[in-house]
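Residue strings, one per chain:
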Amino acid sequence: MTDAPHAVRAHDVGAPHPFVTAALVAIAVVTVSLAAIFVKWADAPASTIAFWRNAIGALCLLPFAFPRRRELPKGRALALLPLAGVALALHFAWWIASLSHTSVAASVVLVCTQPIFVAVLARVVLGERVSLTTALGIAIALLGAVCIGAESLVVDDGAAAHPRALFGNLLALAGAVAIAVYVLLGRRSRTTDGVPLVPYTFVVYASAAATLLVVALAFGDAITGFDDQTWMAIVALALLPQLLGHTIFNWALKYVRAAVLSSTILLEPVIASALAWAIFDERPGTMVLVGGGVVLGGLVVVLLGRERG
């Protein structure tokens, strides 16, 4: 979301009413925040959940993408799309797997550190400048991540037990790095190469699904044979966070400044953690709460730095 145009002014023809835009963005934030809950409800391997999430998303987009297949780029520009799909596949596989080892609060906070890795990778790979404010925000957020990771090394009073929390936290961070790679590849495809949204999204989802199918088969993970609750959770995961939530975000880029939309990522850990507490009685540990607050504070500084830069 770092390359969106400025918000459309109220008098621009075709611009929706600001209340409508705000309401739709709120719906997107809530639906995306439901992802961790649906994953917890699905009794299936991480690679399988991720596979079906992307496969269903690709199938839903196929009727809209197929008529526009000629709008896809050629050569090297086309090759970037499957690479983005692989990065997205790794993001989903690692993040979904993390939820089996650590708390929803820790997992979602850590995977939401993606703006940090976008800034770092943009500096290392693309040579983009990192402002002093952004660097400060990265340092603050990393300190918070260390606090979250340290939870698995101490005994916290009354917190839910997560014996492999450190491994789960590392998986969530790996998911954040993978989605950062996906964002940078997508930025190149959508801006520099001018790939339209629908064909781009279809190829990415299909490539991610194909990658995850290979992974699932390689590890012997079941693809079918699940109970009704698992199937309902998987379908809901694909239709709500994947298609509805992210589609609204992509639509809103035309009318809302990128920095404003990016800041909504800060609400996802809060909503997801509250839902996990209410539904699964999964109370975050003290260090997760403290570290999560520090991470979110650092992300605010990072977003401010990127906005000013």
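In case you missed it, the structure is sitting above this.
Read on for a plain summary of the structure.

Reading the values: the criteria
Residues numbered from 1 in each chain as written. Predicted model: local features only at pLDDT ≥ 70, side-chain atom pairs only at ≥ 80, totals over all residues. Heavy atoms only, no water. Helix = DSSP H or I, 4+ residues; strand = E, 2+ residues; numbered from the N terminus. Contact = heavy atoms within 4.5 Å. Areas by Shrake-Rupley, 256 points an atom, 1.4 Å probe, with all protein chains shown as cover. Patch = residues over 30% accessible without salt bridge, like charges linked within 9 Å, V, L, I, M, F, W, Y side chains within 5 Å. Salt bridge = Lys/Arg side-chain N within 4 Å of Asp/Glu carboxyl O. Axes fitted to C-alpha atoms, helices over the stretch in contact; angles between N-to-C directions. Parallel < 35°, antiparallel > 145°, perpendicular 65-115°, else oblique. Left-handed = near helix turned anticlockwise from the far one by under 90°. Nonpolar A, V, L, I, M, F, W, Y, C, P; charged D, E, K, R; others polar. Phe/Tyr/Trp six-rings, centres within 6.5 Å; stacked < 30°, edge-to-face > 60°. Buried < 20%, exposed > 50% of the residue type's maximum accessible area, 1.4 Å probe, protein only. Polar contact = N/O pair within 3.5 Å; in protein donor to acceptor, adjacent residues only side chain to side chain. Core = buried A, V, L, I, M, F, W, Y, C linked by side-chain atoms within 4.5 Å.

Next up on the list: the overall build of the chain. A tally of helices and strands in the chain yields 13 helices and zero strands. Secondary structure elements in the chain, listed N-terminal to C-terminal, are α-α-α-α-α-α-α-α-α-α-α-α-α. For the chain, the proportion of contacts with a sequence separation of at least 24, taken over those separated by at least 6, is 88%. In the form shown here, the chain has an accessible surface area of approximately 14,500 Å², with 69% of it arising from carbon and sulfur atoms.

Our next topic: a nonpolar patch on the surface. A contiguous nonpolar patch, built from Val-120, Val-124, Val-125 and Leu-126 and spanning about 380 Å² of accessible area, is present on the exposed surface. As for its position among the elements, Leu-126 is in helix H6 (residues 114-126).

Turning our attention to the packing of helix H4 (residues 75-98) against helix H8 (residues 165-192). Contact geometry of H4 with H8 gives a least axis separation of 7 Å together with a crossing angle of 160°. With respect to their mutual orientation, H4 and H8 come out roughly antiparallel. Crossing geometry of H4 relative to H8 is assigned as left-handed. Counting all contacts with H4, which are made through Leu-80, Leu-81, Leu-83, Ala-84, Ala-87, Leu-88, Leu-90, His-91, Trp-94, Trp-95, Ala-97 and Ser-98, the residues of H8 involved are Gly-168, Leu-171, Ala-172, Ala-174, Gly-175, Ala-178, Ile-179, Val-181, Tyr-182, Leu-185, Arg-188 and Ser-189. Here the contact of H4 with H8 is composed, by residue class, of 18 nonpolar, five polar and one charged.

Turning our attention to the packing of aromatic side chains. Aromatic ring pairs are described here by two measures, namely the spacing of the ring centres and the angle between the planes. Going through the model one piece at a time under the given rule, you end up with five aromatic pairs. Aromatic side chains Phe-38 and Trp-41 sit 6.2 Å apart centroid to centroid with 40° between the ring planes, which places their arrangement in the tilted category. Here Phe-38 and its partner Trp-41 are both found in helix H2 (residues 35-41), three residues apart, which amounts to about one turn of the helix. An aromatic cluster is built from Phe-51, Trp-52, Phe-226 and Trp-231, whose rings are joined through pairwise contacts.

Structurally, Ser-103 is set in the loop between H4 and helix H5 (104-111). A relative accessible area of 3% places Ser-103 in the buried class. At 3.1 Å, the side chain of Ser-103 and the backbone nitrogen of Ala-106 are in polar contact.

Right, let's get into the pattern of salt bridges. One pass over the full model with this rule turns up two salt bridges. Across the pair Lys-40 and Glu-282 runs a salt bridge whose closest N-O atoms are separated by 3.4 Å. Highlighted residues: Lys-40 in helix H2 and Glu-282 in the loop between helix H12 (267-280) and helix H13 (286-308), separated in sequence by 242 residues. For Lys-40, a relative accessible area of 30% corresponds to the partly exposed category. Arg-68 is the partner of Glu-71 in a salt bridge, and the nearest nitrogen-oxygen pair spans 2.9 Å. The class of Glu-71 is partly exposed, set by a relative accessible area of 37%.

The next subject is the nonpolar core. Counting residues in hydrophobic clusters, the biggest one holds 70 residues, and the most contacted among them are Leu-88, Trp-95 and Tyr-182. If one sorts the elements of this core by residue count, H4 sits on top with ten residues. The contacts of Leu-88, once residues within four sequence positions are left out, are Asn-54, Ile-179, Tyr-182, Val-204, Tyr-205 and Ala-208. Core analysis: the next-biggest nonpolar cluster, separate from the first, contains ten residues, Val-25, Val-32, Phe-249 and Ala-252 among them.

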